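Per-entry structural report
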Amino acid sequence: MDRKRQICSLIVLFAVSVQSVEKYVGEVSIGKRQEFLDSDGKYLVEWEAYTDTQTIVFQLTVETTGYVGFGISPVGGMTGADIIIGGVYPNATHYFSNRHGVGNRMPEIDDNETWELLEASENGTHTYLKVGRQLDTCDLQDVAIGNSTTNFIWSMGDDDDISYHGVRRGTSADIILDPPMPPIDTTNFQFWRMSHTMEMPARATTYWCTIQKSPPLPSKHHIVGYRPILGTPEALKYTHHFIVHKCRAPAGSTDEEYFERYIDQPGDNCYQGTRNVPTGDCETYLFLWAVGGKPVVFPDHTGYPFAVDGKQNYYMLEVHLDNPQGLAGLTFETGLEIFYTSQLRTYDAGTITAGHTTTLPIVIPPKSESHMIVGHCAPNCSANIPESGIHVFNVLLHSHLAGRKLRLRHFRDGQELPWIATDDNYDFNFQQNRPLLEEVTILPGDQLIYECTYNSMDANGTVVGGLSTSEEMCNAFIVYYPEIDLDVCSSMFPQEELRKLFGIESYRGSSWNPTITAPESMANKTFTEVLDTMVDWSEEYRADFQQRLRYDGHLAVCGLAGKYFALPDSIEYPNVTTEYVPVDVCSTRDLPDSGSRQAVTQSVNIFAIILVAIVVCCLRN
């Protein structure tokens, strides 16, 4: 009889499991990913999303025998967060609830159960929960899971009393639907440490450049990934980004003759002062890391070439140190560990910088909740792409503290194609190189538009373009193959037109925040002082200013083989017959009303009755 009961129980568990798995597991997966959400490795989340069924399954493995809290938050706090709480009681029964955050108090129970507990178990040290849901539940009490930055929030209890989580909680930013990076292959990759140790200058912003030389190798190799070297709390806190530039000797010199003199030198400011580094000969971006970024590994068919013909290559390492307090006396190492291999990939990779050049016309008016700056990659610059096109596999979207929404758009032959990358919830502290789920082909004559939307409500006045984190940038870094000589495909609103908008006749000094010399009423004021004190930023003026900067013609900037030039024709938004609009799953999905919810409940009840009948028959026989 006990054997029959076990078989009957398995029938019920199998039936329920099949019903749950069929709801959440599809055939087209973005790939399985995992992250430890805490620094101690006690809270592991693994997940897999399915594009065909638009569903996702999370597995939580947490070092506690108390409750487990898990949620998705737009900005990392409790308010507006989508939360589940579950666990296993000492008697082996489980508990589980769907909730939403309404502030710093106990999350409220949702009206609809849009998350489903698929599995729950506990051993002597860990609790394990497996849950599933739709990517977009179309429920206002839930957070849609998309291609933008969101935050995992987590908590764990010492016991099953969910009244308060104490200090065992945290938040971790991620872009949940980005595919996983390939693993770091320690057996086949070689490692090169490119770094610099120095005392951080006692000023708010420092861009420091050093010339570095690749290791001696007998033949061509491929760089296939990198990870940051930030071995101390100080390095982690004060390093905003680093960029590796490829250096090219001027005509008439070899790389060794020209760059060797700079090796083992302390370097200098990249863009200020004496600049005792050859920045003008190291313009091409190879790759970059920004604050919050994780290791990057390329797909197995492409890599950056180096040691071509067995020659050592020279690079410039640019490090941005962000020291707003002006602290002195801190010395630390910053840089990256580069992975390379002698097993050559099929294609050489390259990087193109797109967007708005970091110049004076990046202007965000004071106390703006939503202000957009755009940059164009013009068709007559992308014309340098070969007829077969280039294939984009990785993108880094970049702005500074005021950035809120970033979008890289793609136009061809009067039609807008799907966006290459977008982030409607940009987090300055989480700037990740993003592998694309599907490679994007860019053809000659295509136009790209990078749109950066800013919020300056927390800034002290007007925000302008510049190098510091309190100033702004609008750049997208596009990683692609096969490598071509195109380095930069950007634009800028004409500075002379900007000057006319504000009645500025002349200025001197910094290209980002110059001092006005005429007219007399503005003389000796900085550009931002004029904009803060002498411009009436009415709603009408803001709207007109926004219209002009977005839709008036831009000066197109093209960079080929490390040399930049302006194109003769201005560039603006193309005339398109069709703009790309993502599918709105909530407009196409049959959402249950109260009647259909009742029907669903009835069908579930019928299913349960059938299962009971099966069990009864099983036991009788």
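Residues numbered from 1 in each chain as written. Predicted model: local features only at pLDDT ≥ 70, side-chain atom pairs only at ≥ 80, totals over all residues. Heavy atoms only, no water.

Focus: the state of the cysteines
Tallied over the entire structure, the rule returns six disulfides. Note that Cys247 is cross-linked by a disulfide to Cys282, the S-S spacing being 2.1 Å. Between Cys247 and Cys282 the disulfide shows an S-S torsion of about 105°. By sign, it is right-handed. Placement of the pair is Cys247 in the loop between strand E15 (239-246) and helix H3 (255-259) and Cys282 in the loop between strand E16 (268-269) and strand E17 (284-290), with a sequence separation of 35 residues. Residue Cys247 shares its accessibility class with Cys282, and that shared class is buried. Each sulfur of the disulfide joining Cys381 and Cys558 lies 2.0 Å from the other. With the S-S dihedral at roughly 90°, the linkage between Cys381 and Cys558 falls on the right-handed side. Of this pair, Cys381 sits in helix H4 (residues 379-382) while Cys558 sits in strand E36 (residues 554-560), and the two are 177 residues apart along the sequence. (Disulfide = S-S within 2.5 Å. Helix = DSSP H or I, 4+ residues; strand = E, 2+ residues; numbered from the N terminus. Buried < 20%, exposed > 50% of the residue type's maximum accessible area, 1.4 Å probe, protein only.)

Points about the nonpolar core
In terms of nonpolar packing, the biggest core is built from 56 residues, with Leu408, Leu498, Phe502 and Phe527 touching the most fellow members. What Phe502 contacts, discounting residues up to four positions off in sequence, is Met522, Phe527, Leu531, Val535, Trp537, Tyr541 and Phe545. Grouped together as the second largest cluster of nonpolar side chains are 33 residues, Tyr238, Ile338, Ala349 and Val479 included. (Core = buried A, V, L, I, M, F, W, Y, C linked by side-chain atoms within 4.5 Å. Contact = heavy atoms within 4.5 Å.)

Some remarks on the pattern of salt bridges
Within this structure, the stated rule accounts for 24 salt bridges. For Glu35, the salt bridge identified is with Arg33, shortest N-O distance 4.0 Å. Exposure remark for Arg33: the relative accessible area of 12% places this residue in the buried category. Among the salt bridges present, the one from Lys294 reaches Asp174, with a minimum N-O distance of 3.4 Å. Remark: Asp174 occurs in strand E11 (residues 169-174) and Lys294 occurs in the loop between E17 and strand E18 (296-297); sequence separation between them is 120 residues. You can call Lys294 partly exposed: its relative accessible area is 23%. The exposure class of Asp174 is buried, given its relative accessible area of 3%. In the salt-bridge network here, residues are joined through shared partners; they are Arg409, Glu416, Glu451, Arg550 and Glu579. (Salt bridge = Lys/Arg side-chain N within 4 Å of Asp/Glu carboxyl O.)

Remarks on unusual backbone geometry
With the exception of glycine, the majority of residues adopt a negative phi angle, and the majority of peptide bonds are in the trans configuration. A cis amide bond links Tyr481 with the next residue in sequence, Pro482, at an omega value of -10°. With respect to the element layout, Pro482 can be found in the loop between strand E32 (474-481) and strand E33 (486-492). Here the residue pair Ala518 and Pro519 is connected by a cis peptide bond, since its omega of 10° sits within 30 degrees of zero. On the secondary structure map, Pro519 appears in the loop between strand E35 (515-518) and helix H6 (527-533). Positioned with a positive phi, Asp264 is a non-glycine residue whose angle comes to about 65°. Structurally, the position occupied by Asp264 is in the loop between H3 and E16. The phi dihedral of Asp309 is positive, around 60°, even though this residue is not glycine.

Concerning the packing of aromatic side chains
Tallying each qualifying case throughout the model produces 31 aromatic pairs. Through a chain of ring-to-ring contacts, the aromatic side chains of Tyr226, Phe287, Phe298, Tyr304, Tyr347, Phe393 and Tyr481 assemble into a single cluster. Across from the ring centre of Tyr258, 5.0 Å away, lies the NZ or CZ of Arg261, which sits over that ring. The ring of Trp419 carries the charged tip of Arg407 above its face, separated from the ring centre by 3.8 Å. (Phe/Tyr/Trp six-rings, centres within 6.5 Å; stacked < 30°, edge-to-face > 60°. Lys NZ or Arg CZ within 6 Å of the ring centre and 35° of its normal.)

Digging into the sheet that holds strand E23 (residues 350-356)
Strand order in this open sheet of seven strands is E29-E26-E32-E23-E33-E36-E37, and the pairing throughout is mixed. On the outer flanks of this sheet lie strand E29 (434-442) and strand E37 (563-571), each paired with one strand and no other. The average angle at which neighbouring strand axes cross in this sheet is 25°, direction not considered. Here strand E26 (residues 390-398) runs beside E29; their pairing, made up of five bridges, is antiparallel. Bridge assignment links His391 to a residue of E29, and that residue is Thr441. (Pairing = 2+ DSSP bridges. Axes fitted to C-alpha atoms, helices over the stretch in contact; angles between N-to-C directions.)

Brief notes about the side chain of Ser214
Within the secondary structure, Ser214 is located in the loop between strand E13 (205-213) and strand E14 (221-229). Reaching out from Ser214, the side chain makes a polar contact with the backbone nitrogen of Asn313 at a distance of 2.9 Å. The contacts of Ser214, once residues within four sequence positions are left out, are Trp192, Phe306, Gln312, Asn313 and Tyr315. (Polar contact = N/O pair within 3.5 Å; in protein donor to acceptor, adjacent residues only side chain to side chain.)

Section: the sheet that holds strand E2 (residues 43-50)
Judged by pairing direction, the sheet is antiparallel, and its five strands sit side by side in the order E1-E2-E3-E9-E8 without closing on themselves. The sheet is open, and its two borders are formed by strand E1 (33-36) and strand E8 (116-122), each paired with just one other strand. Ignoring which end each strand starts from, the neighbouring axes of this sheet average 15° apart. Where E8 meets strand E9 (residues 127-134), six bridges bridge the pair, whose relative direction is antiparallel. Looking across to E9, one finds that Glu122 is bridged to Thr127.

Some details on the pairing of E33
The buried fraction of E33 amounts to seven of the seven residues, a majority that puts the element mostly inside the structure. Pairing of E23 with E33 involves four bridges; the strand directions are parallel. Bridge pairing links Ala354 to Cys489 in E33. Here E33 pairs with E36 via six bridges, running antiparallel. Looking across to E36, one finds that Val488 is bridged to Gly559.

Observations regarding helix H7 (residues 539-551)
An α-helix turns once every 3.6 residues. As a result, residues three or four positions apart point the same way. Here H7 spans 18 Å end to end across 13 residues, near enough to the 18 Å set by a 1.5 Å rise per residue. The set of residues buried in H7 consists of Arg542, Phe545, Gln546, Leu549 and Arg550. Projected onto a plane normal to the axis of H7, the buried residues spread over an arc of 120° and lie on a single side. Looking at the buried side of H7, the elements it contacts are strand E24 (363-364), strand E25 (371-377), strand E30 (447-454), helix H5 (495-501) and E36. (Expected span 1.5 Å × (residues − 1). Arc of directions from axis to C-beta.)

Here's the deal with the layout of surface pockets
To locate leftover empty space, one rolls a probe as large as a water molecule over the atoms. A volume near 1500 Å³ is recorded for the largest pocket. Along the wall of the largest pocket there are 41 residues; nearest its centre are Gly146, Asn147, Thr422, Tyr580 and Pro582. Where the lining of the largest pocket is concerned, the elements lending two or more residues are strand E27 (403-412), strand E28 (415-423) and E29. The biggest single contributor to the lining of the largest pocket is E29, with eight residues. Of the residues in the lining of the largest pocket, the class split is 22 nonpolar, eleven polar and eight charged. (1 Å grid on protein atoms, 1.4 Å probe; cavity = no way out; pocket = protein on both sides within 12 Å on 5 of 7 lines; lining within 4 Å. Points joined across faces, edges and corners; volume = space filled by probe spheres on them. Nonpolar A, V, L, I, M, F, W, Y, C, P; charged D, E, K, R; others polar.)

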